[in-house]
Amino acid sequence: MDKKVRVRFAPSPTGGLHLGGVRTALFNYLFAKKNNGTFVLRVEDTDQNRFVEGAEEYIVDCLNWCGITPDESPSNPGNYGPYRQSERKPSYRKFAEQLISDGYAYYAFDTPEDLEAKRKEIPNFQYGQTTRMQMRNSLTLTISEVEDLLAAKTPHVIRIKVPENEIVHFNDLIRGDVSFETSLVDDKVLLKADGMPTYHLAVVVDDKAMEITHAFRGEEWLPSAPTHILLWKYLGWETDMPQWAHLPLILKPDGHGKLSKRDGDRLGFPVYAMNWTDPTGNVTKGFKEMGFLPEAFVNMLALLGWNDGTDQELFSLKELEEKFSIERISKAGAKFDFEKAKWYNHEWIKVQSAERLAPSVTSELQKAGIEINDDAFLNTIIDLIKDRCTLLPDFVAQSGYFFTSPQAYDLAAVKPKWNEEKAAFFYAYAENLSLTDAVTAEEAFKALAAEKGFKPGELMLPFRIMLVGGKFGPGVFDIAILLGLEETKARIAKAVEAFKA
């Protein structure tokens, strides 16, 4: 294309940001970056009945957490504003009236009661070619009747007049040639009674005004495509119409149907990027608060419906910017696998530096009542245990014992084979303990075990449980070195007494 690439993510501020929405934003962002284009955030807030205070700020926070930063947005406007549809309201009526003048749309004065009665009369009622002449609109009323109704400010909507027996087709960048019979398309409302546009009119007018070149959106919008393409044609803008790319659905784990918030609630995993508190105060948990790194979340999303043609699975955002291509987006839906999502997070935790992880780990420890006073000590611990952590809260269980002595022990793992001889061994070991380094400490442990007639394996598990409380953690002598001489001795003494009880 000769035009500079301009793409947009256009969410409605009505609730939590579903991971499918974040993926749409991500693919728009990656395409813009790959083509030296512009990524626009446009807030589609024309549905005032569903508008939720704070939802726009929440969407921005989610994108910022993911590192998907818009080049233009309500808070960072460019030359194509306003970036909220509600602030563009006057422009929509002008174009809706133009469509009426040109014979491509009409006023509809049907009341909610009229429409409900028609739905009862006609199963699966659609307001369109076969029913429009039975309704109360400017196609069935006289010009003077319409003028009187408009002068009296009678509530009305404006509907597109879909032509009969035509084929609307377009080239989808993912799906190839797509066609629709207009006989199956209803006369969508373009302008509501409150003067606000519906999505159908607004998306066309705004994409034209903002010079959008490519429109990425979910597959669920495919049935609306013929309405939008007709509007581009009827408004005389057909040559400026963006290229379409309808993204595959993100499916339930069993592959049957689109993944929903209800599925997440039912199966115990998040579907929102970040925690969302609805107007009633109910909180829906997000990936961020569950303990996902943004790098892992973005990596996981990118590979739901896209791959680079190799076996590579871990991609930084920078790598995705370089390797992304529309040609590698799948037509088929992508099953969401929460275990695979956790795998991504585990892999990303392993490759992060302690300094990168420290703020998040500190936050998790503070939630558990553990304060950090030594950053260098924390970084050493993070490097020691990060391979064992899948989610960020795992750092609490895997590192908490470095900061507080165990309050309970896995006695079931120790007591069946515990005896006075083992207690005597640990008293002797503690008395002569030297912790210059882990190798020397382990050698001394094994030497004393041989002297007392034990196999080292009989004593290693009790020693671990003395220091950490359970059967987990990194090398036990590495733990002892970090705890220090006095603390290790104290924990041995305390645990031996507990094992006796």
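Read on for a plain summary of the structure.

Rules behind the numbers
Residues numbered from 1 in each chain as written. Predicted model: local features only at pLDDT ≥ 70, side-chain atom pairs only at ≥ 80, totals over all residues. Heavy atoms only, no water. Helix = DSSP H or I, 4+ residues; strand = E, 2+ residues; numbered from the N terminus. Expected span 1.5 Å × (residues − 1). Buried < 20%, exposed > 50% of the residue type's maximum accessible area, 1.4 Å probe, protein only. Contact = heavy atoms within 4.5 Å. Polar contact = N/O pair within 3.5 Å; in protein donor to acceptor, adjacent residues only side chain to side chain. Salt bridge = Lys/Arg side-chain N within 4 Å of Asp/Glu carboxyl O. 1 Å grid on protein atoms, 1.4 Å probe; cavity = no way out; pocket = protein on both sides within 12 Å on 5 of 7 lines; lining within 4 Å. Points joined across faces, edges and corners; volume = space filled by probe spheres on them. Nonpolar A, V, L, I, M, F, W, Y, C, P; charged D, E, K, R; others polar. Pairing = 2+ DSSP bridges. Axes fitted to C-alpha atoms, helices over the stretch in contact; angles between N-to-C directions.

Over its 12 residues, helix α16 (residues 420–431) runs 17 Å from end to end, which matches the ideal 16 Å to within 8%, given 1.5 Å per residue. Among the residues making up α16, those that are buried are K422, A423, F425, F426, A428, Y429 and A430. Contacts from the buried residues of α16 go to α17 (438–452), α18 (456–468), α19 (476–483) and α20 (485–500). Sitting at the amino-terminal end of α16 is N419, which places a side-chain oxygen 3.2 Å from the backbone nitrogen of E421.

Right, let's get into the pattern of salt bridges. Side-chain pairs of opposite charge can arise where the charged atoms are in close proximity. Applying the stated criterion across every chain, the model contains 31 salt bridges. A salt bridge links E44 to R42; its shortest N-O distance comes to 3.1 Å. Judged by its relative accessible area of 6%, E44 is buried. The closest approach of N and O atoms between E121 and K118, which form a salt bridge, is 3.4 Å. Note that E121 and K118 are positioned in helix α4 (residues 112–121) at a spacing of three residues, about one turn of the helix. Overall, K118 belongs to the buried group, its relative accessible area being 11%. Taken together, the shared-partner salt bridges in this structure form one network comprising R8, R42, E44, R88, D206 and D207.

In this section: the layout of surface pockets. By volume, the largest pocket amounts to about 1100 Å³. Residue assignment for the lining of the largest pocket shows that the elements contributing at least two residues are β1 (6–9), α1 (19–34) and β8 (214–218). Here the element with the most residues in the lining of the largest pocket is α1; it accounts for four residues. Of the residues that constitute the lining of the largest pocket, the class distribution is 14 nonpolar, 12 polar and 10 charged. Of the pockets and cavities examined, the second largest pocket occupies roughly 380 Å³.

Quick look at the sheet that holds strand β4 (residues 157–160) now. One open sheet accounts for three strands, arranged β3-β4-β7; its pairing is antiparallel. Here the strands that pair on one side only, and so sit at the sheet edges, are β3 (105–108) and β7 (189–191). Averaged over all pairs of adjacent strands, the angle between strand axes in this sheet comes to 40°, irrespective of strand direction. Contacting β3, β4 and β7, helix α3 (residues 89–101) crosses the sheet at an angle of about 105° to β3.

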